[in-house]
Amino acid sequence: MDKSYKHVILLLSSILLASPFGFCQKLEVEKRIKKGEFPKKALQYLEEEFEIAGKIKWYKEMSGAEKSFEAKFTCDGKQHSVEFYEDGQLMDVEIEIPYHVIPVASRKRMEAQWNKDLKKSRVRRVQKQQSDLGLRYEIIVRGKKKKNSELYEYLFESDGQFVKSLLIVGRSDDLNLY
């Protein structure tokens, strides 16, 4: 059996065995692919919308039953992650930003949410996410619910209104930040 399939089976098994209280789980497996495997419509969008000087990392992503394609690159000195549906339609554009650039009122609402959920917490990564739903913030927080420190993905509207949170399942190297 192919190593990557064994890895997926192992991660799926961990979902069945794990049972966090109050959080849905996020199982996301990213597999590096070649540019030629990326949807042509998505490639055209990237060429038209971004001036990418450096290397682009190409991924096929599996999250539960959903499959998508993702391009990760640096543009204007900022890390970008652009995700597409299987047919090449744009899903969202995520740009890594410093936490402090989020308006204070929004940050306070966000912090209140994860402080309610977790005993201890620390922001690991912040991305502004632009999609058909408008501007949102995706924030990865390392925190403790009981004894163990784990990674959680929080999604908030631009005003800090809570949308959802997910426990990130799997080893840290399964989540290719950039």
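Anything mentioned here points back to the structure above.
Conventions we followed
- Residues numbered from 1 in each chain as written.
- Predicted model: local features only at pLDDT ≥ 70, side-chain atom pairs only at ≥ 80, totals over all residues.
- Heavy atoms only, no water.
- Pairing = 2+ DSSP bridges.
- Helix = DSSP H or I, 4+ residues; strand = E, 2+ residues; numbered from the N terminus.
- Salt bridge = Lys/Arg side-chain N within 4 Å of Asp/Glu carboxyl O.
- Buried < 20%, exposed > 50% of the residue type's maximum accessible area, 1.4 Å probe, protein only.
- Core = buried A, V, L, I, M, F, W, Y, C linked by side-chain atoms within 4.5 Å.
- Contact = heavy atoms within 4.5 Å.
- Expected span 1.5 Å × (residues − 1).
- Arc of directions from axis to C-beta.

To continue, consider the pairing of strand E7 (residues 134–144). In the sheet, strand E6 (residues 120–131) pairs with E7 via 11 bridges, with the strands oriented antiparallel. Residue Gln130 lies in a different strand from E7, and its bridge partner there is Leu135. Where E6 hands over to E7, the hairpin turn is made up of 2 residues, counted between the paired strands. As paired strands, E7 and strand E8 (residues 149–157) are joined by 9 bridges and run antiparallel to one another.

So, about the pattern of salt bridges. Applying the stated criterion across every chain yields a total of 4 salt bridges. Note that Lys72 and Glu30 form a salt bridge whose closest N and O atoms lie 3.2 Å from each other. Separated by 42 residues along the polypeptide, Lys72 in strand E3 (residues 66–75) and Glu30 in strand E1 (residues 24–32) bring together distant segments of the chain. The burial state of Lys72 is the same as that of Glu30; both residues are buried. Here Asp159 ties to Arg109 by a salt bridge, and the two come within 3.6 Å at their closest N and O atoms.

Another aspect to go through is the nonpolar core. In globular proteins that are soluble, nonpolar side chains generally tend to be buried together. With 16 residues, the main nonpolar core has Phe38, Leu46, Phe50, Trp58, Ala71, Phe73 and Val82 as its most contacted residues. Elements that contribute at least two residues to this core include exactly helix H2 (40–49), E3, strand E4 (78–85) and strand E5 (90–96). Sort the elements by how many residues they give to this core and E3 lands first, with 4 residues. Not counting residues up to four positions away in its chain, the partners in contact with Phe73 are Leu46, Phe50, Ile52, Lys55, Ile56, Lys78, Gln79, His80 and Val82. Of all hydrophobic cores here, the second largest spans 14 residues; its members include Ile97, Ile102, Val126 and Tyr152.

Quick look at helix H3 (residues 104–117) now. With 14 residues, H3 extends 20 Å between its outermost C-alpha atoms, agreeing within 8% with the 20 Å of an ideal straight helix rising 1.5 Å per residue. Among the residues making up H3, those that are buried are Ser106, Arg107, Met110, Gln113, Trp114 and Asp117. Taken end-on, H3 shows its buried residues confined to a sector of 125 degrees, consistent with a single buried face. For H3, exposure combined with an orientation more than 90 degrees from the buried face picks out Ala105, Lys108 and Lys116. Where the residues of H3 are buried, they touch E6, E7, E8 and strand E9 (162–169).

Nothing here speaks to function; it is geometry throughout.
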